[in-house]
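Examination of the molecular architecture
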Amino acid sequence: MPVVQPRHILSGMLVNEAMRRQIVQLPAAAVVAKGINHLLKFKVNALLITDADQRPAGVVSKTDLIAAFYAGLPVDTPLGDIMASPPLTCYPDDAIESALDRMRSHGVHRLYVTGAETTSMVGTLSYTDVVALLYRYCRSCPKSTSRKGGAAKPEDEEWRLHVRDVMTASVVSFPEDARIARVIEGLMAHRFGAVLICSAQGAAMGVISKTDLIRSYHHGISLEATADSIMTVPVVTWNQGAFLWEALQYMFLKDVQRLFVHSGDPLRIIGVLSLSDTAQVRSGSCRACMPSRFITSG
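Description of the structure in this document. Only a predicted model underlies this, so the values are computations on that prediction, with no experimental measurement involved. (Residues numbered from 1 in each chain as written. Predicted model: local features only at pLDDT ≥ 70, side-chain atom pairs only at ≥ 80, totals over all residues. Heavy atoms only, no water.)

Describing the pairing of strand E3 (residues 46-50)
Note the cut-off: For each residue, the accessible area found with a 1.4 Å probe, counting protein chains only, is set against the maximum for its type, and the residue is called buried under 20%, exposed over 50%, and partly exposed in between. Helix and strand definitions here come from DSSP, where helices need a minimum of 4 consecutive H or I residues and strands a minimum of 2 consecutive E residues; each element is numbered from the N-terminal end. Two strands form a pair only when DSSP identifies at least two bridges running between them. When the strands point away from the viewer and the connection leading from the first strand across the helix to the second strand turns clockwise, the crossover is called right-handed.
Of all 5 residues in E3, 5 are buried; the element is thus mostly enclosed. Examined bridge by bridge, strand E2 (residues 25-27) and E3 share 3 bridges and lie parallel to one another. The residue bridging Pro27 from the neighbouring strand is Thr50, located in E3. Each parallel crossover has a hand, and the one from E2 via helix H1 (residues 32-42) to E3 is right-handed. As defined by bridge partners, E3 adjoins strand E4 (residues 56-61) across 5 bridges and the pair is classed as antiparallel. Within E4, the position partnered with Leu47 by the bridge is Val60. Joining the antiparallel neighbours E3 and E4 is a turn of 5 residues, in which Gln54 adopts a positive phi near 65°.

Here it is as structure tokens:
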């Protein structure tokens, strides 16, 4: 009898179609301060750590650095002391869908792509890379609103995904006078990439991201300092009713990892749209690339 299996735009696509071939790495003996410099300079979220023989030994992510900050470790601590080991990997000819499943099941945002030898790394695959691939396909699609000069038609509503369809419908927030230590605790507990900083009246005033925290760590800012002393302003917001492709276009053009979502009042945030949210949908920015396929079984 016919069996319906959902088919997404990523079905059949391989890791080598989306992977990034640049690998930012440092030896295990390099210190935390140098690791932070590399993350900020190359705008990446993690470093590959190598041993004395230049073989992959582990990974240091922004999350690892924030944990070191919270633990009070000095910035001259060797990266080898805080790395997670071993690196999680995939192969260039693996299906992107299986790579996404691996990232989600392990709670990571990237995989390292290995070559013929498991000790040879040839690239990385992150949620951002997957969304970038989806976005390229969306722009070339005959149904793409962006190819029509951005002029949406009434019938587009039936096909287009909106921000509200993909966003995380919750947000973690802290008052402006919250200590940085408390902010770190909340960020780590909820495994978010950023938290909202609000006024006493609940209005969105700023954002503290992992990047803000590792920069504070590098600059020697105390964990007792208040959130408003390191937050980024203004809050980058987006309406929940907007088309998803519009939000993605903005995020890629402005190099923004997430948008805080509102329902009409930008000061009242109701959710967050991140690139990882979009990657998990696996369907581009509209339902045109989500047909079902019929496979005859038995």
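Some words on the pairing of strand E9 (residues 194-198)
With 5 of 5 residues buried, E9 is to be regarded as a mostly interior element. Residues Ala194, Leu196 and Cys198 point to one face of E9 and Val195 and Ile197 to the other, with burial holding for every one of them. At this point the chain moves from strand E8 (residues 173-175), through helix H7 (residues 180-190), to the parallel E9, and the crossover so formed is right-handed. Across 5 bridges, the pairing between E9 and strand E10 (residues 204-209) is antiparallel. Following the sheet pairing, Ile197 is matched in E10 by Gly206. Between E9 and E10, which pair antiparallel and follow one another directly, the connecting turn spans 5 residues, one of which, Gly202, has a positive phi of 90°.

Structural notes on the packing of aromatic side chains
Rules: Only rings of Phe, Tyr and Trp enter the pairing, Trp through its six-membered ring, and a pair is recorded when the two centres are within 6.5 Å. The plane angle decides the type: under 30 degrees is stacked, over 60 is edge-to-face, the rest tilted.
Evaluation of the coordinates by the stated rule reveals 3 aromatic pairs. Look at Tyr135 and Phe252: their rings are 5.4 Å apart centre to centre, the planes differ by 35°, and that puts the pair in the tilted class. Of this pair, Tyr135 sits in helix H4 (residues 127-140) while Phe252 is found in helix H9 (residues 244-254), placing the two residues 117 residues apart along the sequence. Residue classification places Tyr135 among the buried residues on the basis of a relative accessible area of 13%. Between Trp238 and Tyr250, the aromatic rings sit 5.0 Å apart at their centres with planes inclined by 45°, giving tilted as the arrangement. A residue pair is termed long-range when its members are at least 10 positions apart, and Trp238 in strand E11 (residues 237-239) and Tyr250 in helix H9 qualify at 12 residues. Trp238 gets classed as buried once you look at its relative accessible area, which sits at 19%. In this structure Tyr250 comes out as partly exposed when scored by relative accessible area, which is 26%.

Overview of the sheet that holds strand E7 (residues 121-126)
Our working rule: Note on definitions: a residue-residue contact is assigned when non-hydrogen atoms from the two residues lie within 4.5 Å. Working convention: axes come from line fits to C-alpha atoms, limited for helices to the stretch in contact. Angles between N-to-C directions cover 0 to 180 degrees.
With mixed pairing, the 3 strands of this open sheet are ordered in space as E5-E6-E7. Strands at the two margins of the open sheet, each flanked by one partner only, are strand E5 (89-90) and E7. Here E5 pairs with strand E6 (residues 110-114) via 2 bridges, running parallel. Bridge assignment links Cys90 to a residue of E6, and that residue is Val113. Lying on the sheet, helix H3 (residues 96-106) is in contact with E5, E6 and E7; it crosses E6 at an angle near 130°.

A word on the side chain of Ser209
Structurally, Ser209 is set in strand E10. Among residues more than four places away in sequence, those in contact with Ser209 are Gly193, Ala194 and Arg258.

Quick notes on H3
Condition: Directions from the helix axis toward the C-beta atoms define the arc.
If you check which residues of H3 are buried, you get Ile96, Ala99, Leu100 and Met103. Projected down its long axis, H3 shows its buried positions confined to an angular sector of 100°, all on one face. Buried residues belonging to H3 abut E6, E7, H4 and helix H10 (275-281). Just downstream of H3 lies Gly107, where phi reads positive at about 65°.

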